[in-house]
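Structure at a glance
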Amino acid sequence: LTVFEKFAVRVLKPIGITFYVHSSDPKLLRRERSIGDGARLRRAPSEIPKHHPIFDALAFPGAHAGRDSLVLLDQMLNDEIDRMAGQEAKNRFKVWLDAIHGLGGNIVFPFQKEGRILGVAVLDVSSPPEEYGANWSILREMEPLADRVAELLAKSSVFDREREVERLATLGEMAAGLAHEIRN
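Everything in this summary refers to the structure shown in the same document.

1. Observations concerning the pairing of strand S5 (residues 107–113)
In terms of burial, S5 is a largely internal element, 5 of the 7 residues being buried. Linking S5 to strand S6 (residues 116–124), which pair antiparallel, is a turn of 2 residues; within it glutamate 114 sits at a positive phi near 55 degrees.

And the structure:
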């Protein structure tokens, strides 16, 4: 998270960033860390349930910040809402837009590995950086960093599971030894 965080702070100059990562409950992402003091950030939840609308938006190709992008950007959702004719589709995109804002930001970077979301970074950025053409194209440049974070989160998840298996095996051995002593 640190490399992603440093790059985002240096380039995007966000009002705030919140990182959510997988938790022991597979149905939740928990807030790992928040940086900044924006008003929206203070209202951000401590956990995101996996049925949260943000996950529907991340799974829908037309909601992202560009072709082949995984990033959600509120400006792109607004643009899509303005272009749409059907009210049902507009309502779906409005729900996703409200979901992004409800998490305290206007940009969502997923940390995704093999189709599984291991975490997200929610950024509150007032405008695109001028040194990158005052447009959001820099978000595409940040996606490899998000991919690297996903790899690291996947490894830490595997490590946590291995540690839990070892702990349970040790506990089982202790219980077997105690049962043996009680029988004797």
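Still more ground to cover, so stick around.
2. Let's talk about helix H5 (residues 87–102)
For H5, with 16 residues, the first-to-last C-alpha span of 22 Å sits near the 22 Å given by 1.5 Å per residue. Taken as a whole, H5 has its buried residues at Lys90, Phe93, Trp96, Leu97, Ala99 and Ile100. Those residues of H5 that are buried are in contact with helix H3 (53–59), strand S4 (72–73), helix H4 (74–83) and S5.

3. Re the pairing of S6
Most of S6 sits out of view: 8 of its 9 residues are buried. In the sheet, S5 pairs with S6 via 7 bridges, with the strands oriented antiparallel. Looking across to S6, one finds that valine 108 is bridged to valine 122.

4. Quick notes on the environment of phenylalanine 111
By the element assignment, phenylalanine 111 lies in strand S5. In this structure the C-alpha to C-alpha distance between phenylalanine 111 and isoleucine 100, which are 11 residues apart in sequence, comes to 16 Å.

5. Some words on helix H1 (residues 2–12)
Side chains that are three or four residues apart share a direction in an α-helix, a result of its 3.6 residues per turn. All of the buried residues along H1 are Phe4, Glu5, Phe7, Ala8, Val11 and Leu12. Taken from the residues just after H1, lysine 13 is the one with a positive phi, measuring 50 degrees.

6. Here we look at unusual backbone geometry
Despite not being glycine, lysine 13 has its phi angle at roughly 50 degrees, a positive value. Residue placement: lysine 13 occurs in the loop between H1 and strand S1 (16–22). Positive phi values are uncommon outside glycine, yet glutamate 114 reaches one of about 55 degrees. Within the secondary structure layout, glutamate 114 lies in the loop between S5 and S6.

7. Quick word on the sheet that holds S1
The 6 strands are arranged S3-S2-S1-S6-S5-S4 in an open sheet whose pairing can be described as antiparallel. Only two strands of the sheet have a single neighbouring strand rather than two, namely strand S3 (47–49) and S4.

8. Here's the deal with the side chain of histidine 52
Here histidine 52 lies in the loop between S3 and H3. When its relative accessible area of 17% is taken as the criterion, histidine 52 is described as buried. With residues up to four places along the chain from it excluded, the contact list for histidine 52 reads Ala99 and Leu103.

Rules of the game
- In this numbering scheme, every chain counts its residues from 1 along its sequence in written order.
- The predicted origin of the model limits local features to residues at a pLDDT of at least 70 and limits the giving and counting of side-chain atom pairs to 80 or more, whereas totals for whole chains, interfaces and linings rest on all residues.
- Note that the side-chain values use all heavy atoms of the structure and ignore hydrogens as well as water.
- Burial status follows relative accessibility: with a 1.4 Å probe on protein chains alone, a residue under 20% of its type maximum counts as buried, one over 50% as exposed, and anything between as partly exposed.
- The numbering of helices and of strands both runs from the N terminus, where a helix is a DSSP run of H or I of at least 4 residues and a strand a run of E of at least 2.
- Only when DSSP finds a minimum of two bridges between them are two strands counted as paired.
- A helix is expected to reach a length of 1.5 Å times the quantity of its residues less one.
- Contacts between residues were defined by any pair of non-hydrogen atoms, one from each residue, lying within 4.5 Å.

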